[in-house]
Amino acid sequence: MKKLLTILCIGLVMTSYAQEFEISAELRPRFEYRHGYKTLIADDIDAATFISQRSRINFGFKNEKLNTFVSLQNVRVWGDVTTLSNTDKNGTALHEAWAELLLDHKFSIKLGRQEIAYDDQRLFGNVGWAQQARSHDAFIASYKPNDNNRLDFGLALNEANETLFDADYNVNSYKAFQYLWYHTTVKDFGISLVLLNNGLAFEDTNNEQQVDYNQTIGTRLTYSKSKVNADASLYFQTGKIADTNVDAFNVAGNVIYTINNKFKAGLGVEYLSGTDMNTTDNALKSFNPWFGTNHKFNGFMDYFYVGNHTNSVGLIDVNATIAYQKNKFSAKVMPHLFSSAATVVDNTGKEISNDLGTEIDLVLGYKWTKDVSFQAGYSQMFGTETMEVLKTGNSTATNNWAWLMVTVKPSLFKTTFRKE
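Residues numbered from 1 in each chain as written. Predicted model: local features only at pLDDT ≥ 70, side-chain atom pairs only at ≥ 80, totals over all residues. Heavy atoms only, no water.

S.K.: Would you mind going over the overall build of the chain with me for this structure?
M.R.: The helix and strand tally for the chain stands at 2 helices and 23 strands. Summarising its shape, the C-alpha atoms of the chain cover approximately 95 × 60 × 55 Å along the three principal directions. Across the 420 residues that make up the chain, the buried fraction comes to 39%. Put simply, 58% of the contacts in the chain that link residues at least 6 apart link residues at least 24 apart. Counting only carbon and sulfur atoms, one obtains 58% of the accessible surface of the chain, whose full area is about 23,200 Å². For the chain, the distance from the average position of its 40 positive side-chain charges to the average position of its 45 negative side-chain charges is 14 Å. (Helix = DSSP H or I, 4+ residues; strand = E, 2+ residues; numbered from the N terminus. Buried < 20%, exposed > 50% of the residue type's maximum accessible area, 1.4 Å probe, protein only. Contact = heavy atoms within 4.5 Å. Areas by Shrake-Rupley, 256 points an atom, 1.4 Å probe, with all protein chains shown as cover. Lys, Arg positive; Asp, Glu negative; His and termini not counted. Charge placed at Lys NZ, Arg CZ, Asp CG, Glu CD.)

S.K.: When you look at the pattern of salt bridges in this model, what are you seeing that I'm missing?
M.R.: Between side chains of opposite charge, a pair can form when the charged atoms approach closely. Applying the stated rule across the entire model yields 16 salt bridges. Across the salt bridge formed by E159 and K175, the nearest N and O atoms sit 2.9 Å from each other. With E159 in the loop between β7 (149-157) and β8 (176-186) and K175 in the loop between β7 and β8, this pair connects stretches of sequence that are 16 residues apart. What makes E159 partly exposed here is its relative accessible area of 42%. Note that D281 and K285 form a salt bridge whose closest N and O atoms lie 3.9 Å from each other. Its relative accessible area of 35% is what places K285 among the partly exposed residues. Taken together, the salt bridges that share partners define one network made up of E20, K62 and K414. (Salt bridge = Lys/Arg side-chain N within 4 Å of Asp/Glu carboxyl O.)

S.K.: Looking at this structure, I do not really get the packing of aromatic side chains. What am I missing?
M.R.: The geometry of an aromatic ring pair comes down to the distance between the two centres and the angle between the two planes. Applying the stated rule across the entire model yields 23 aromatic pairs. With a centroid separation of 5.8 Å and 50 degrees between ring planes, the pair formed by F177 and Y179 is classed as tilted. Under the relative-accessibility criterion, Y179 is labelled buried at 2%. Aromatic side chains Y303 and F304 sit 6.3 Å apart centroid to centroid with 50 degrees between the ring planes, which places their arrangement in the tilted category. Using a relative accessible area of 0% as the deciding quantity, one classes Y303 as buried. Ring pairing ties together the aromatic residues Y118, F124, Y174, F177, Y179, W181 and F291, which thus form one cluster. The aromatic ring of F297 is capped on one face by R122, whose charged end is 4.2 Å from the ring centroid. (Phe/Tyr/Trp six-rings, centres within 6.5 Å; stacked < 30°, edge-to-face > 60°. Lys NZ or Arg CZ within 6 Å of the ring centre and 35° of its normal.)

What follows is the structure in C-alpha cells.
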C-alpha cells in the first residue's frame, strides 16, 4: 500500500507544474541641476532645477508554457499639477504588456508592448535613464537550440488608429521594422550579428506619404578572460531616408582591465560617421543608432544622439574609465575627448577645427539594501568654438550638470504554487 501511495504522489507531481505570480513596484525620484546640459548655455540663461519621478507597478506571471508581464507607469515632475488637482498631467501609461508563449524548450514567441534590448544596447535598448524609457509594439520569435546560440526575428507594424482604408501615419515614430539578431558564444568569445530593416514615413513632392527603408547591418564581438574584458563592433547603414541615399557606418572598441578586486580601468574609442556641412553630394553619411540607449554612450551630458545630433557631422569619442567598488559603494570617473567625424564650417562657409571639446563625468553609487539604491553624478563640458557652431551658446561659460537619484524597487507580493 505504501508503495502504491508513493507512486501516486510521484505521478501527481510529474503531471503538475509550478506557477509563479509577482507584484513589484519602482519609485525613482531624481533631482537635476542643468546648466549646459544637452547644449551650451547662453549668457542670459539661468540654470534649471527640478525633480522628476518614475512610478511603476508591475505584474508578472510565468509557468512552463507562458510568461506574461504588465507594467503601468506614471512619469511626472514634482509640482506639474496643483495639490488639489483631480487630474494628472501625464496620466498612467502602459509601458509594457506582453505575453511570451514557450512553444517548446527551443522555440518561443513574444508579442505585445515590450522593451527590446540587445548586446550593449547601442542599436536596441530600453533607454532606462529616461524616466519614461522606451518600449515597442512588436512580435519577436526566438530560437534557442542550446545555451550558446540564439536567433531572434522581430517585426513591428505601426498605425495611428483603426481605419477602414489606408491612412497616413503621423506619429513621430517608425512605420515598420523587421530585424534578425543572432548571438553565439565560443569559448571566451561572444559574437552577435544584426540586420535591421527600418521603415520611415515621409511626404514626397506631391504631398503624398511614402515609406522608405534603410538597413543597418553589423556585428559585435566580446572577449572575457582573466582580468581582461574587451569588445569591438562594426555597423553599416544603407538604403534610403526621405528619398535620400544612406551611406554611413559606426565602429567602436573598448578594453577594461581589472587591476584588483576594487579597481578597474578602461580605454575606448567610437567613430560615428557624419555628413560634411559643405557637401554637395546627395547622400546622408550620418550614422544613426536608431533605438539605442544613447545616454549610455558619448558622455552623460547627452550632447550627442539623445534626441539630437542626428543627420549631423558625426562624432569621434575617445574615452577612458576609472572605476572603484567596495562593498555597497561604487565610484566611476570617465573623461571624453570629442571631435567631429565630418567637416564643420562656420557661418562664412570656412572650414574650422574638428575639435568639439572635453567632457568629464563622475558617478557615485551606494546600494543601501537589495531594494534601495542611491546614485549621484556631476558632469562638466569644456566646449570649443566648433561646438558653438553646432550647439550655439557660450563655450567659455561653465557648462555643467549635477543629479541625485533614489531608486526603490521592492517586491510587494510573490507566490509560487503548483497546478495539476
